[in-house]
Amino acid sequence: LKLIESLRERGEGKPKTGAKGGISMTEKILVVEDEPHIQELLEYNLRQDGFSVVLCSRGDQAVEAVQKHKPDLMILDLMLPGIPGTDVCRSLKASPLTAELPIIMLTARGEESDKILGLELGADDYVTKPFSPRELVARVKAVLRRSPVSDVTHDEKLRSGPLVMDLKSHKVSLDKEPIQLTLTEFRILKALMSRGQEVLSRQKLVSEALGNDVNVTDRTVDVHLAALRKKIGPEADRIETVRGVGYRFRNT
Ligand code: CA
């Protein structure tokens, strides 16, 4: 019987990564960082919290590591040998196969422009060095909780003119052309579109799209919104800023 069970398990496959598909598994974190002591610190703390950890020390090997290990989330340092983290982020977001991989960037203190650039490139969050491992693990969990698969329960589409969101397949199209959104952008657009004409306060938008992450700053929300507006191009003005109140999605 044991044998049959193990065969069946194998036959049914390929467990999906993370909590996707309802299969509970250890979530895998890819750490791209060249400083050995930070690697160790991250590896130790993530393992303590039950994550499995894969390490990569070079920017130019990061994309390959993603393809090989299929992580649930990536922690990406910006200053890396080979190519910088921003380039890694750009290549991952450019490919439909890896565009949805959540990325938390590690930046050095004072690299404000890098943080903004990283968020614009589609990173989901950033942590400034030196960081507390506890805080970083909390961010990892917050970002994983936001991941799209967990909150889609039924086949549903949101439409507004040429803009269509397929909530089940997690695809967005504009005039039938697919557009690549990051997880966070997807969640923001979904929160806005599903409200109709109702104004969504910034606080509500943060809690719905980003989880109850106390570390989310207004600036972060603005950057995600700006990136989202850019991606939906001609439909960008559907996302209206209601000064002092929040945001509204214009359906007509
Ligand atoms: Ca580094």
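Structural notes, computed from the coordinates. None of the values given here were measured: they were computed from a predicted structure.

Analysis parameters
- Residues numbered from 1 in each chain as written.
- Predicted model: local features only at pLDDT ≥ 70, side-chain atom pairs only at ≥ 80, totals over all residues.
- Heavy atoms only, no water.
- Helix = DSSP H or I, 4+ residues; strand = E, 2+ residues; numbered from the N terminus.
- Buried < 20%, exposed > 50% of the residue type's maximum accessible area, 1.4 Å probe, protein only.
- Contact = heavy atoms within 4.5 Å.
- Areas by Shrake-Rupley, 256 points an atom, 1.4 Å probe, with all protein chains shown as cover.
- Pairing = 2+ DSSP bridges.
- Axes fitted to C-alpha atoms, helices over the stretch in contact; angles between N-to-C directions.
- Donors = N, O, S within 2.8 Å, 3.2 Å for Na, K, Ca; no water.
- Core = buried A, V, L, I, M, F, W, Y, C linked by side-chain atoms within 4.5 Å.
- Right-handed = clockwise from strand over helix to strand, strands pointing away.

This part is about the overall build of the protein. When you go through the protein residue by residue, the secondary structure sums to nine helices and 12 strands. In the protein, which comprises 252 residues, the share counted as buried stands at 46%. Excluding contacts between residues fewer than 6 apart, the proportion of contacts in the protein whose partners are at least 24 apart in sequence is 58%. For the protein, the exposed area adds up to about 13300 Å²; of that, 51% sits on carbon and sulfur atoms.

Turning next to the sheet that holds strand E10 (residues 200-201). The antiparallel open sheet is built from three strands, whose spatial order is E10-E12-E11. Across the chains shown, the open sheet's two edge strands, defined by having one partner strand only, are E10 and strand E11 (239-242). Relative to the sheet, helix H9 (residues 218-231) contacts E11 and strand E12 (246-249), its axis offset from that of E11 by approximately 145 degrees.

The next thing to look at is the coordination of the calcium ion. Those donors, Asp34 (OD), Asp77 (OD) and Met79 (O), are the protein atoms that reach the calcium ion, and they lie 2.1 to 2.3 Å from it. Spacing between the donor residues of the calcium ion along their common chain follows D-x42-D-x1-M. You can see Asp34 sitting in the loop between strand E1 (28-32) and helix H2 (36-48) and its partner Asp77 sitting in strand E3 (residues 73-77), a full 43 residues away along the chain. On the accessibility criterion, Asp77 (3% relative accessible area) is buried.

Among the structural elements, Thr182 can be located in the loop between strand E9 (177-179) and helix H7 (183-193). Here Thr182 is in contact with Lys93, Gly122 and Lys231, once residues within four sequence places are set aside.

Let us look at the nonpolar core. Ranked by internal contacts, the top residues of the largest apolar core, which has 27 residues, are Leu163, Met165, Val172, Leu189, Leu192, Leu205 and Leu225. The set of elements that each furnish at least two residues to this core consists of strand E7 (163-166), strand E8 (171-174), H7, helix H8 (202-209), H9 and E12. Discounting residues that sit within four places of it in the chain, Leu189 has contacts with Leu163, Met165, Val172, Leu181, Leu228 and Phe249. Of all hydrophobic cores here, the second largest spans 23 residues; its members include Val32, Val54, Ala65 and Tyr126.

Taken across its five residues, E1 has four buried, putting it largely inside the fold. Bridge count between E1 and strand E2 (residues 52-56): five bridges; the pairing is parallel. When the bridges of E2 are listed, Lys28 appears paired with Ser52. For the crossover from E1 across H2 to E2, the handedness is right-handed.

On to the environment of Lys204. Tracing the backbone through its elements, the reader meets Lys204 in helix H8. Taking relative accessible area as the criterion, Lys204 reaches 39% and is therefore assigned partly exposed.

Limitation: the analysis is restricted to geometry and does not speak to function.
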